[in-house]
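# Analysis of the macromolecular model
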Amino acid sequence: MLTVSEVTEIFYLCDEFSKEFEFSVKKHLMESDNTKKRRNRPNRMSESEVMTILIAFHLSGMRNLKCFYLFYVCKHMNGEFPHPVSYNRFIELQQHVALPLVLFLKTCRMGKCTGISFIDSTALKVCHIKREHSNRVFDGTATKGCGTLGYFFGFKLHIIINDRGEIINFVITQGHVDDRKPLSMESFIRNVSGKLYADRGYISQELASILFVDGIHFVAKMRNNMKGGELPLFDRVMLRKRALIESVNDELKNICQIEHTRHRCFTNFITNLTAGLLAYSFLPKKPSIRVDVLDEKQLVLF
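Heads up: these notes are all about the structure in this document. Remember, predicted model here, so these are calculated numbers, not experimental data. (Residues numbered from 1 in each chain as written. Predicted model: local features only at pLDDT ≥ 70, side-chain atom pairs only at ≥ 80, totals over all residues. Heavy atoms only, no water.)

### Looking at empty space enclosed by the protein
A complete count under the given rule lists one cavity of 30 Å³ or more for this structure. Roughly 30 Å³ of volume is contained in the largest cavity. Forming the walls of the largest cavity are M1, L2, V7, A56, S60, F68, Y72 and M77. Taken together, the elements giving at least two residues each to the lining of the largest cavity come down to helix 2 (47–60) and helix 3 (65–76). Broken down by class, the residue content of the lining of the largest cavity amounts to seven nonpolar, one polar and no charged. (1 Å grid on protein atoms, 1.4 Å probe; cavity = no way out; pocket = protein on both sides within 12 Å on 5 of 7 lines; lining within 4 Å. Points joined across faces, edges and corners; volume = space filled by probe spheres on them. Helix = DSSP H or I, 4+ residues; strand = E, 2+ residues; numbered from the N terminus. Nonpolar A, V, L, I, M, F, W, Y, C, P; charged D, E, K, R; others polar.)

What follows is the structure, encoded as structure tokens:
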């Protein structure tokens, strides 16, 4: 469980962002007819409190949000959250903070590119593959895809991380989308520079040419039926360190719980995923590698 100081730190950051977000929204709202009376009473629980609880849940190790809220937040965190609401009302408020959570993650909690980046995708299953035709929550959004562990029904999470294990950017696609397609999106690779390491599933001569124009050196191991020059020592060693991003995906799923099959609407799916990614950004220790490059042919790994 989180300590009081850790919860306070998360709440402070969420509250500061919520104030700026609310100010920006009000500044861009269109003027309405003042003759009509409108309800403008604040909620009993603020958006920053809801955001904090969602992030704390993904860091708590508990698997059920209802048990976490009713039996831990409402009973043991009365000092931090003095005005709790019912669980049904909390679920309604959870849907209202979907956009603030995404903007908070994108603007405040993303890592910075260090010149060494790794990219990979992981499956986000929304139900068992045998129940794909009976699923109604994600009808028309989730699709059937195939990964290294077989077929699944859901979405794909594509992430780019640096050598410190920090997420630089992410994008969500349907399960059947080719892994190479997100790399053609300018918004996905906008903050990436230097060398980008990927597996064989991302190999494409056209894609490498596009990335090279954008200042990105795309590096991937050639397939067995492909011809190409030998990679430099540095690139060969760093390709072996691609297990780093597999460790990040493992922590996202098993610690931050970004994947489960109990969603009741698409908005809650996005909220759960975003809160899990935010929780990962607050982890005190992330998978990382320390790299000191002495020259182009010499590499020392600690």
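### Digging into helix 3
Among the residues of helix 3, those classed as buried are L65, F68, Y69, Y72 and V73. Projected down its long axis, helix 3 carries its buried residues within an arc of 125°, all on one side. Buried residues along helix 3 sit in contact with helix 2 and helix 4 (87–96). Its side-chain oxygen at 2.9 Å from the backbone nitrogen of K66, N64 defines the N-terminal cap of helix 3. (Buried < 20%, exposed > 50% of the residue type's maximum accessible area, 1.4 Å probe, protein only. Arc of directions from axis to C-beta. Contact = heavy atoms within 4.5 Å. Polar contact = N/O pair within 3.5 Å; in protein donor to acceptor, adjacent residues only side chain to side chain.)

### A short note on the packing of aromatic side chains
Under the defined criterion, the tally for this structure stands at 13 aromatic pairs. Judged by centre distance (4.6 Å) and plane angle (20°), the rings of Y69 and F90 are stacked. Note that Y69 is positioned in helix 3 and F90 in helix 4, a separation of 21 residues in sequence. Among the residues examined, Y69 registers a relative accessible area of 0% and is labelled buried. (Phe/Tyr/Trp six-rings, centres within 6.5 Å; stacked < 30°, edge-to-face > 60°.)

### Some thoughts on the layout of surface pockets
Volume-wise, the second largest pocket comes out at about 550 Å³. Contributing to the lining of the second largest pocket are 22 residues, with S121, T122, A123, G147 and T148 lying nearest its centre. Among the secondary structure elements, those contributing two or more residues to the lining of the second largest pocket are strand 1 (116–127), strand 2 (143–147), strand 3 (150–162) and helix 8 (243–254). Counting residues per element, the lining of the second largest pocket draws most heavily on strand 1, at five residues.

### Looking at the packing of helix 8 against helix 9 (residues 266–281)
Two numbers describe a pair of packed helices, the interaxial angle and the distance between the axes. Packing of helix 8 against helix 9 leaves a shortest axis separation of 10 Å and a crossing angle of 120°. Relative to helix 9, helix 8 is oriented oblique. Both helix 8 and helix 9 take part in a crossing whose hand is right-handed. Listed contacts from helix 9 to V248, E251 and L252 of helix 8 are G276, L277 and Y280. Here the contact of helix 8 with helix 9 is built from residues that sort into four nonpolar, one polar and one charged. (Axes fitted to C-alpha atoms, helices over the stretch in contact; angles between N-to-C directions. Parallel < 35°, antiparallel > 145°, perpendicular 65-115°, else oblique. Left-handed = near helix turned anticlockwise from the far one by under 90°.)

### Description of the pairing of strand 4 (residues 167–174)
It is a general feature of regular strands that their side chains alternate between the two faces of the sheet. With six of its eight residues buried, strand 4 lies for the most part within the structure. Direction of pairing for strand 3 relative to strand 4: antiparallel, over a ladder of seven bridges. Residue pairing in the sheet places H158 in a bridge with V171 of strand 4. What sits between the antiparallel neighbours strand 3 and strand 4 is a turn of four residues, in which G165 has the positive phi angle 85°. (Pairing = 2+ DSSP bridges.)

### As for the pairing of strand 6 (residues 216–220)
With four of five residues buried, strand 6 lies mostly within the body of the structure. Taken together, strand 5 (residues 194–198), helix 6 (residues 205–213) and strand 6 constitute a β-α-β crossover, and its handedness is right-handed. (Right-handed = clockwise from strand over helix to strand, strands pointing away.)

### Concerning unusual backbone geometry
In this structure, Q257 takes a positive phi of about 55° despite not being glycine. Within the secondary structure, Q257 sits in the loop between helix 8 and helix 9.

### Some remarks on the environment of S247
Residue position: S247 is located in helix 8. A C-alpha to C-alpha distance of 6.6 Å links S247 and P287, two positions 40 residues apart in sequence.

### So, the side chain of H158
Mapped onto the secondary structure, H158 falls in strand 3. Separated by 2.9 Å, the side chains of H158 and T173 make a polar contact. In this structure H158 touches D120, S121, N169, F170, V171, T173, D179, P182, F188 and Y202, once residues within four positions along its chain are discounted.

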